[in-house]
Amino acid sequence: MPTVYNWQIGREMEYPYAENRPDRQWGAVFDLNKCIACQTCTLSCKTTWTHGEGQEHMFWNNVESKPYGAHPLGWDQEILDRLGVQEWGSDGVYDGDTIWEANDVDWEETSPTEEHVANEGHVASYMPDDADWAHPNLGEDEPAGEAFAGDTHIEGEEHPMWFFYLPRVCNHCTYAGCAGSCPVQAIYKRQEDGIVLIDEESCQAQLQCVQACPYKKSVFNQAKGNSQKCVGCYPKVEQGLVPQCFENCLGKIRQHGWVNPPEEADPTNPIDYLVHEAEVALPLYPQLGLEPNVYYIPPINVPDDYLFQMFGPGVEEAKETYRRARDGRADQRKLRGLLHLMGSTEWRIEEFEVTEDQAIGYDADGRTVAKVPMEEPRAERPKFEQGVDAYRLDVT
Ligand code: SF4
Ligand code: SF4
Ligand code: SF4
C-alpha cells in the first residue's frame with residue numbers, strides 16, 4: 001500500500017492509493033469569529049441540492065455549536081476516541097495515528113477493492129445510527145466553561161464561558177476517507193479542481209463512505225439507494241463563481257478559491273495567503289490524516305487547549321495574528337484588507353492586492369471583481385447641535 005506525504009501532519013502516512021494531487025485544489029477559508037449561526041448557508045444548500053425524496057435528513061452544509069453540538073450526534077468525539085493518543089511533536093509533526101494507521105492494518109496485504117474494508121476494522125471509523133442524524137441542532141448555544149456574574153466585564157481575550165459556531169461542508173479531502181474506502185471505486189477526485197464526487201450510477205450501496213468519512217459528510221439516500229454528498233457546487237465553480245452556501249453567507253465569513261501545498265504557495269492567492277503566508281487559517285482535525293481543504297480562522301475568545309485539539313499546532317499564533325489585524329497593526333495590514341474582501345463578491349477571487357486605501361480582488365482573467373475600502377466611511381456628529389438647539393442620542 002502506497003505511502004503519501006500529508007503536509008498538514010508534517011510526515012508521510014499510509015493511504016490506499018498513490019499520491020496524485022489534482023491540477024488545482026478546491027479550497028475554502030471560514031472565519032469562525034464572524035459566524036452567527038443564521039443557517040442561511042444550510043438553507044441555501046438544502047433548497048439547491050437536497051430537497052428531494054430520501055434527502056430529508058441530509059445537510060451537506062450544517063452549522064453546529066461547539067463544544068456540545070454535532071451533526072450527526074457526537075461525530076467528532078466518536079472518531080477521536082477511536083484514534084487513540086494524539087500527540088504532536090514540537091517540530092509540528094504529528095506523532096499519533098491517523099484513521100489509516102490506528103488499527104495497525106497491513107495495507108500491503110489489503111486493498112480497498114475488498115468488500116467491507118471499513119467494517120472489518122481497517123479504517124478507524126464508525127457508522128452513525130439513524131437517530132444520530134435526526135437532531136441537527138442539538139446542543140445549539142450551549143456554553144462551556146465557568147459561569148460569571150451577569151454584570152462582570154470580561155477582561156482578557158479568552159472568555160470564561162464560551163461556545164462558537166462551526167459551519168461544515170465536505171472538505172474535498174486530498175486523501176479522502178470516502179474514496180479510500182469505497183470497495184467499487186464509485187468515488188473519485190476530479191483532476192481539474194480536486195472536487196470529490198460520488199458516481200451515483202456506480203455506487204452499489206455498500207455504505208463504506210458513510211462509515212469511513214470521519215467528518216460524516218457522505219450520507220445514504222434510502223429512496224435512491226445510493227450515497228450522496230456535497231458536490232462543491234461544481235457547476236458554479238466551473239464558471240468562476242463561488243459555491244451557493246458561500247455566496248449566501250450573511251456573515252461574509254467564507255472565501256472560496258484554490259489552495260496549493262506549502263511549497264507551491266502563491267502569496268497573491270487569497271487562500272494561500274490565509275493558510276500559508278499569514279498562517280491564520282487551520283485545517284479541521286488534521287490528525288485524522290485526510291488533508292482536508294476547508295480551513296478555519298479560530299475563534300479568538302475560545303480557550304487554546306480546545307482549539308489545539310480541533311485545529312492542531314499554530315492555534316495560538318493564528319489567534320495573535322488575527323488580533324493584530326483586527327487592531328489595525330501595520331504588520332497585518334494586508335491580512336486586514338483580505339479579511340475585508342471575504343464574502344464581498346459572487347466571483348472567485350484568484351488574486352488580491354491591498355493599496356493605500358482599498359483591498360481589491362481579481363478573477364482568473366485579471367478582471368476586478370471586488371473592491372472594498374480599508375476603512376469604512378464614518379461620520380460623527382456633535383452631541384449638541386446648535387443650529388436646531390437639540391441633543392442627539394445617536395452621534396454616529
Ligand atoms: S469530508 Fe468526507 S465525504 Fe468529503 S472528501 Fe473528505 S472523506 Fe470524503
Ligand atoms: S458547496 Fe454547494 S453542495 Fe457543498 S454544501 Fe455548499 S451549497 Fe451544498
Ligand atoms: S450563512 Fe454564514 S454566518 Fe450564517 S450560519 Fe452560515 S456560515 Fe455562519
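Here, the structure is the one placed above.
In what follows, the accompanying structure is described.

So, how was this worked out
- Residues numbered from 1 in each chain as written.
- Chains lettered and ligands numbered in written order.
- Predicted model: local features only at pLDDT ≥ 70, side-chain atom pairs only at ≥ 80, totals over all residues.
- Heavy atoms only, no water.
- Buried < 20%, exposed > 50% of the residue type's maximum accessible area, 1.4 Å probe, protein only.
- Helix = DSSP H or I, 4+ residues; strand = E, 2+ residues; numbered from the N terminus.
- Arc of directions from axis to C-beta.
- Axes fitted to C-alpha atoms, helices over the stretch in contact; angles between N-to-C directions.
- Parallel < 35°, antiparallel > 145°, perpendicular 65-115°, else oblique.
- Contact = heavy atoms within 4.5 Å.
- Nonpolar A, V, L, I, M, F, W, Y, C, P; charged D, E, K, R; others polar.
- Near = heavy atom within 4 Å.
- Polar contact = N/O pair within 3.5 Å; in protein donor to acceptor, adjacent residues only side chain to side chain.
- Left-handed = near helix turned anticlockwise from the far one by under 90°.
- Core = buried A, V, L, I, M, F, W, Y, C linked by side-chain atoms within 4.5 Å.
- 1 Å grid on protein atoms, 1.4 Å probe; cavity = no way out; pocket = protein on both sides within 12 Å on 5 of 7 lines; lining within 4 Å.
- Sits in = over half its atoms within 2 Å of the grid points.
- Phe/Tyr/Trp six-rings, centres within 6.5 Å; stacked < 30°, edge-to-face > 60°.
- Lys NZ or Arg CZ within 6 Å of the ring centre and 35° of its normal.
- Points joined across faces, edges and corners; volume = space filled by probe spheres on them.

To continue, consider helix α8 (residues 304-311). All buried positions along α8 are accounted for by Y306, L307, M310 and F311. Viewed end-on, α8 has its buried residues packed into an arc of 105°, placing them on one side of the element. At the exit of α8 stands G312, carrying a positive phi of roughly 80°.

A separate point is the packing of α8 against helix α9 (residues 315-326). The interhelical angle for the contact between α8 and α9, taken along N-to-C directions, is 110°, at an axis separation of 9 Å. Looking at the two axes, α8 sits roughly perpendicular to α9. Of the residues in α9, those in contact with D304, L307, F308 and F311 of α8 are V315, E316 and K319. In terms of residue class, the contact of α8 with α9 is built from 4 nonpolar, no polar and 3 charged.

Close to ligand 3 lie 14 residues, the nearest being C35, C38, Q39, C41 and C249. Of the residues assigned to the shell around ligand 3, the class counts are 10 nonpolar, 3 polar and 1 charged.

Okay, the side chain of T174 next. Tracing the backbone through its elements, the reader meets T174 in the loop between β7 (164-168) and α3 (177-181). For T174, a relative accessible area of 11% corresponds to the buried category. Polar side-chain contacts of T174 include one of 3.1 Å to the side chain of E291. Setting aside chain neighbours within four positions, we find T174 in contact with R21, Q25, K189, L290, E291 and N293.

Now for the packing of helix α7 (residues 270-277) against helix α10 (residues 333-341). If you want to describe how two helices pack, look at the angle between their axes and the distance between the axes. The geometry of α7 relative to α10 is characterised by a closest axis approach of 11 Å and an angle of 135° between their N-to-C directions. With respect to their mutual orientation, α7 and α10 come out oblique. Of the two elements, α7 crosses α10, and the hand of that crossing is left-handed. Residues P270, Y273 and L274 of α7 touch α10, and the partners they reach there are K334, L335, L338 and L339. Residue composition of the contact of α7 with α10, by class: 6 nonpolar, no polar and 1 charged.

The subject of this paragraph is the nonpolar core. As a rule of thumb, soluble globular proteins bury nonpolar side chains together. I99, F164, Y215, L284 and F311 are the most contacted members of the largest nonpolar core, which has 79 residues in total. Once residues lying within four places of it in the same chain are set aside, the contact partners of Y215 are W75, R168, N171, C173, L284, Y285, L288, L290 and P292. The next biggest cluster of nonpolar side chains, apart from the first, holds 26 residues, and it includes V259, I271, F352 and V372.

This next bit is on the site of ligand 2. Residues in contact with ligand 2, as listed here, are C45, W49, W60, N61, V169, C230, V231, G232, C233, P243, Q244 and C245. The pocket occupied by ligand 2, as judged from atoms lying within 2 Å of grid points, is the largest cavity. Looking at the shell around ligand 2, the elements that each hand over two or more residues are α1 (40-49) and α6 (244-247). Of the residues belonging to the shell around ligand 2, the class tally is 9 nonpolar, 3 polar and no charged.

Further remarks concern the packing of aromatic side chains. Scanning all chains against the criterion turns up 18 aromatic pairs. Their ring planes at 50° and their centres at 5.1 Å tell us that W88 and Y94 sit as a pair that is tilted. Per residue, the accessibility class of W88 equals that of Y94, and both read buried. On the basis of an interplanar angle of 55° and a centroid distance of 5.1 Å, the ring pair of W162 and Y306 is categorised as tilted. Of this pair, W162 sits in strand β6 (residues 161-162) while Y306 sits in helix α8, and the two are 144 residues apart along the sequence. With relative accessibility at 10%, the residue W162 sits in the buried group. The class for Y306 is buried, based on a relative accessible area of 16%. Through pairs of rings, three or more aromatic residues link up here, namely W26, F30, F246, Y296 and F311. For the cation-ring pair, R254 lies above F246, with the distance from its terminal atom to the ring centre recorded as 5.4 Å.

What follows covers empty space enclosed by the protein. On inspection of all chains with the given rule, the structure shows 5 cavities of 30 Å³ or more. Elements with a minimum of two residues in the lining of the largest cavity: α1 and α6. The dominant element in the lining of the largest cavity, judged by the number of residues it contributes, is α6, at 3 residues. Among the residues forming the lining of the largest cavity, the class breakdown is 11 nonpolar, 3 polar and no charged.

Residues K66 and P67 are joined by a peptide bond in cis, for which omega reads 20°. Cis geometry is found at the peptide bond from H71 to P72, where omega equals 0°. Here P72 lies in the loop between β4 (62-66) and α2 (75-83). One non-glycine residue with positive phi stands out, namely H172, at about 40°. Here H172 falls in the buried class, since its relative accessible area comes to 0%. Phi is positive for L207, close to 65°, though the residue is something other than glycine.

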